[in-house]
Amino acid sequence: RDPVHQKLGMLYELTSQFELAKKEYEILLSRKQNEEALLNSLGLVSIKLGLVDEAIGYFTRVTKINARNIWALNNLAIAYRRLKQFDPCIQYHKMAIDLDGTNAVLFHNLGNSYFEMGDYLAAMVAFEKVLLVDQNYHKADRKIGLAQFNLGNLEDAFLYLKKAVAEEPDEPAILDEL
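Criteria and thresholds
- Residues numbered from 1 in each chain as written.
- Predicted model: local features only at pLDDT ≥ 70, side-chain atom pairs only at ≥ 80, totals over all residues.
- Heavy atoms only, no water.
- Helix = DSSP H or I, 4+ residues; strand = E, 2+ residues; numbered from the N terminus.
- Buried < 20%, exposed > 50% of the residue type's maximum accessible area, 1.4 Å probe, protein only.
- Contact = heavy atoms within 4.5 Å.
- Areas by Shrake-Rupley, 256 points an atom, 1.4 Å probe, with all protein chains shown as cover.
- Expected span 1.5 Å × (residues − 1).
- Arc of directions from axis to C-beta.

Overview of the overall build of the chain
In terms of regular secondary structure, the chain is built from 11 helices and zero strands. Mapped in sequence order, the helices and strands of the chain form the string α-α-α-α-α-α-α-α-α-α-α. Within the chain, the fraction of its 178 residues that count as buried is 46%. Long-range contacts, defined here as pairs at least 24 residues apart, represent 46% of the contacts in the chain between residues at least 6 apart. Only carbon and sulfur atoms are counted for the fraction: they give 53% of the accessible area of the chain, which is about 9,700 Å².

Considering helix 1 (residues 3-14)
Helix length check: helix 1 (12 residues) gives 16 Å between terminal C-alpha atoms against 16 Å at 1.5 Å per residue, within 8%. Here helix 1 has its buried residues at His5, Gly9 and Tyr12. Viewed end-on, helix 1 has its buried residues packed into an arc of 70°, placing them on one side of the element. Turned more than 90 degrees from where helix 1 packs its buried face, Val4, Lys7 and Leu14 sit exposed. In this fold, the buried residues of helix 1 make contact with helix 2 (18-31). In the stretch just after helix 1, serine 16 is the one whose phi turns positive, near 60°.

A few points about helix 8 (residues 120-133)
Over its 14 residues, helix 8 runs 20 Å from end to end, which matches the ideal 20 Å to within 8%, given 1.5 Å per residue. Every buried residue of helix 8 is listed here: Ala122, Ala123, Met124, Ala126, Phe127, Val130 and Leu131.

Everything listed is a geometric property; what it means functionally is a separate question.
Here it is in structure tokens:
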């Protein structure tokens, strides 16, 4: 282990200094090959830097080490969503969910992908599954409301958005997303 470079990488990542974080993670990678968490971190930082194809390479390496790594699969889905390649995006989301169908974050990210595709009905179903898994995952109410709004179900949209505002009164993005 090399705690100095690990901590520096994490610090740079947390302070949005992604190029510096990437350099620290690359140093670590050169010293200890094939570490899943490190490759995932490099992939996430690469996405932040707009290097989506490079990120896909890192996440793919993780899945070659461990095909059951739900975060690498989830991150592959997000990377493909950034590229607007929705077929592999949805495929990777579903692979992650098949491995852990009790993870609200995985369903939320699937819902975000369907939403971005314009498939508001599928997005709403995914966000409803979020609430089945974790009824305190308040972002799902907002997303269901937005999906309902886009489907033209204004009364339902109002109810979900009203609930979302009550749950997160300091979240200004709720109404900006309409």
